[in-house]
Structures are given as structure tokens and as C-alpha cells.
Amino acid sequence: MKRDLEEYLNKKIVIDSTASWIYIGILERVTDHCVVLSDVDAHDNADTATSKEIYVFESKTTGIKSNRKTVHINLLHVVSFSLLEDVKEF
């Protein structure tokens, strides 16, 4: 997974986690244990009635609502990741 993530360095990505959290931000680096994002929207989807898919699509269309300068995400909690620009309307 580390090598695959490194292909997205300095790009806006979406990370789905094992919890209700999603992260949208710029991929700064990947270590053996974590992913580091900057200008991050760290969003706990348990706090809203909006689905993850709709929230991410809205972030693509309106821009990232950054609420953290930097976030370190444990690689063990990463379920999936994609470029923000690859999010499709449904």
C-alpha cells in the first residue's frame, strides 16, 4: 500500500478509514507506519446524516474544508484511498 500511496504525493486525495472518519487533503508523505496529509478536512461521518459519498463529492465540487494543518493517519486504519479528482457524481 505504501508504494501505491506514494504515486499520489503532492496531490489531493481522499482516505477512507476503518472508523467513521474520512480525510481529504494533500498527500505530503508516506512512512512505514503512517500517511501524512496537509490542509486536511478530517471529518467524522458519525456526526452527520450525510453519507460519506455525498460529503466527498461536495468537497470535490466546493473545495476542501480544511480544519487541520497536518494529520498523521496510521496505515493500519486506511481502508481505501483515491484522488479527489477521481470522485464521480452518482
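Since we're looking at a predicted model, the values are computed, not measured. (Residues numbered from 1 in each chain as written. Predicted model: local features only at pLDDT ≥ 70, side-chain atom pairs only at ≥ 80, totals over all residues. Heavy atoms only, no water.)

Across its full length, the protein holds two helices and five strands. Sequence-ordered secondary structure for the protein, helices as α and strands as β, is α-β-β-β-α-β-β. Expected size for 90 residues packed as a compact globule is a radius of gyration near 12 Å; at 12 Å, the protein falls within 12% of this value. Intrachain contacts of the protein at a sequence separation of at least 6 include 63% that bridge at least 24 residues. Carbon together with sulfur atoms contributes 49% to the accessible area of the protein, which is approximately 5,500 Å² in total. Of the charged side chains in the protein, 11 are positive and 15 negative, and the gap between their average positions amounts to 4 Å. (Helix = DSSP H or I, 4+ residues; strand = E, 2+ residues; numbered from the N terminus. Rg over C-alpha atoms; globule rule 2.2 N^0.38 Å. Contact = heavy atoms within 4.5 Å. Areas by Shrake-Rupley, 256 points an atom, 1.4 Å probe, with all protein chains shown as cover. Lys, Arg positive; Asp, Glu negative; His and termini not counted. Charge placed at Lys NZ, Arg CZ, Asp CG, Glu CD.)

So, about the nonpolar core. Judged by nonpolar contacts, the single largest core of 15 residues is most densely connected at Ile15, Tyr23, Val35, Leu37 and Ile73. Contributions of two or more residues to this core are made by strand S1 (12-17), strand S2 (21-30), strand S3 (34-44), strand S4 (68-74) and strand S5 (78-83). When near neighbours in sequence (up to four residues on either side) are disregarded, isoleucine 73 contacts Ile15, Tyr23, His33, Cys34, Val35, Leu37 and Val78. In this structure, Ile24, Tyr55, Val56 and Val87 belong to the second largest nonpolar core, which totals seven residues. (Core = buried A, V, L, I, M, F, W, Y, C linked by side-chain atoms within 4.5 Å. Buried < 20%, exposed > 50% of the residue type's maximum accessible area, 1.4 Å probe, protein only.)

Read across the open sheet, the five strands follow the order S4-S3-S2-S1-S5; overall the sheet is antiparallel. Strands with a single pairing partner mark the edges of an open sheet, and in this sheet they are S4 and S5. Taken over all neighbouring pairs, the strand axes of this sheet differ in orientation by 40° on average, direction set aside. Judged from the five bridges that link them, S1 and S2 form a sheet pairing that is antiparallel. Looking at the pairing, isoleucine 15 lines up with tyrosine 23 of S2. The strands touched by helix H2 (residues 52-62) are S1, S2 and S3; relative to S2, the strand with the most contacts, the crossing angle is about 50°. (Pairing = 2+ DSSP bridges. Axes fitted to C-alpha atoms, helices over the stretch in contact; angles between N-to-C directions.)

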